[in-house]
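Results of the structural survey
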Amino acid sequence: METTQRDDQQRAAEQRRRELLEAADRVVLRDGPGASMNAIAAEAGITKPILYRHFGDKGGLYRALAVRHTDGLLDGLRSALDAPVARRERVESTLDAYLAAIEARPQVYRFLMHPAEEGQPSEQGFDVGRHSAPLLRRMGEELARVIAERVDLGPGGEDLARAWGHGIVGMMHAAGDWWLREQPFPRAQLVRHLTDLLWGRLAVAGDRSDGPGF
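Definitions and cut-offs
Residues numbered from 1 in each chain as written. Predicted model: local features only at pLDDT ≥ 70, side-chain atom pairs only at ≥ 80, totals over all residues. Heavy atoms only, no water. Helix = DSSP H or I, 4+ residues; strand = E, 2+ residues; numbered from the N terminus. Buried < 20%, exposed > 50% of the residue type's maximum accessible area, 1.4 Å probe, protein only. Contact = heavy atoms within 4.5 Å. Salt bridge = Lys/Arg side-chain N within 4 Å of Asp/Glu carboxyl O. Phe/Tyr/Trp six-rings, centres within 6.5 Å; stacked < 30°, edge-to-face > 60°. Lys NZ or Arg CZ within 6 Å of the ring centre and 35° of its normal.

1. Focus: the environment of Leu 202
As for its position among the elements, Leu 202 is in helix 9 (residues 187-204). On the accessibility criterion, Leu 202 (8% relative accessible area) is buried. Between the C-alpha atoms of Leu 202 and His 173, which are 29 residues apart in sequence, the distance is 20 Å. Non-local contacts of Leu 202, meaning those with residues more than four positions away in its chain, are made with Arg 87, Val 91, Trp 164 and Phe 214.

Here it is, written out as structure tokens:
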């Protein structure tokens, strides 16, 4: 009986946390990097101390939102990497999946990756850079794992896969950030440019005999 009650309480707490994250998402979609704990609490119909009780501070809320959105982004990247197409098309699809995600929800991207712009409200003492770095590292490690499992890179392949994984994520992040801000040409054109840049050794490397292919 006691165990069932604890399980019910845990499920209720998890449901409440999801509802609060959905409220936070709505505010982030509206306000971007200027999203504040006050605005999120108001959107959720609670007081800020209750929001703090669930997440601790804006850093805790940020981490929860980052996990939520990074999980979704990684699912999209994995689907692109598993597509039954030629390798170059798979590379293009993976790059496009990332760029399409930040283009579709630019305010979420800016909240996760940038502090508030000048003139926008922000939470005093909140260091976006300190919190966004683990998100990029997670993406880099995930891509490195996929490369190591699928591409025959020879001796030292695991280290090379990690260098490639983090390098590709860094390229996607920097190029995507610039492109999203300036929109100098269509997304498909950026995908082609970045694929051309990556294509060198990746084009000639063989698939691992014990892997699913790349």
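2. As for the pattern of salt bridges
With the rule as written, the count across this model stands at 18 salt bridges. Put simply, Glu 43 and Arg 26 hold a salt bridge, and the shortest N to O gap is 2.7 Å. Within this pair, whereas Glu 43 is found in helix 2 (residues 37-44), its partner Arg 26 is found in helix 1 (residues 2-31), the two being separated by 17 residues in sequence. Classification of Glu 43 as partly exposed rests on a relative accessible area of 31%. Since its relative accessible area comes to 42%, Arg 26 is described here as partly exposed. In this structure, Asp 71 engages Arg 138 in a salt bridge whose closest nitrogen and oxygen atoms are separated by 2.5 Å. Of this pair, Asp 71 sits in helix 4 (residues 58-81) while Arg 138 sits in helix 7 (residues 128-150), and the two are 67 residues apart along the sequence. Classification of Arg 138 by relative accessible area gives partly exposed; the value is 35%. A network of salt bridges, in which partner residues are shared, links Asp 75, Arg 78, Glu 142, Arg 145 and Glu 149.

3. Things to note about the packing of aromatic side chains
Here the structure, examined in full by the defined rule, presents 2 aromatic pairs. Aromatic pair Tyr 62 and Phe 111: ring centres 5.9 Å apart, planes at 35°, arrangement tilted. Within this pair, whereas Tyr 62 is found in helix 4, its partner Phe 111 is found in helix 6 (residues 106-113), the two being separated by 49 residues in sequence. One exposure class covers both Tyr 62 and Phe 111, and it is buried. Across from the ring centre of Trp 199, 5.7 Å away, lies the NZ or CZ of Arg 88, which sits over that ring.

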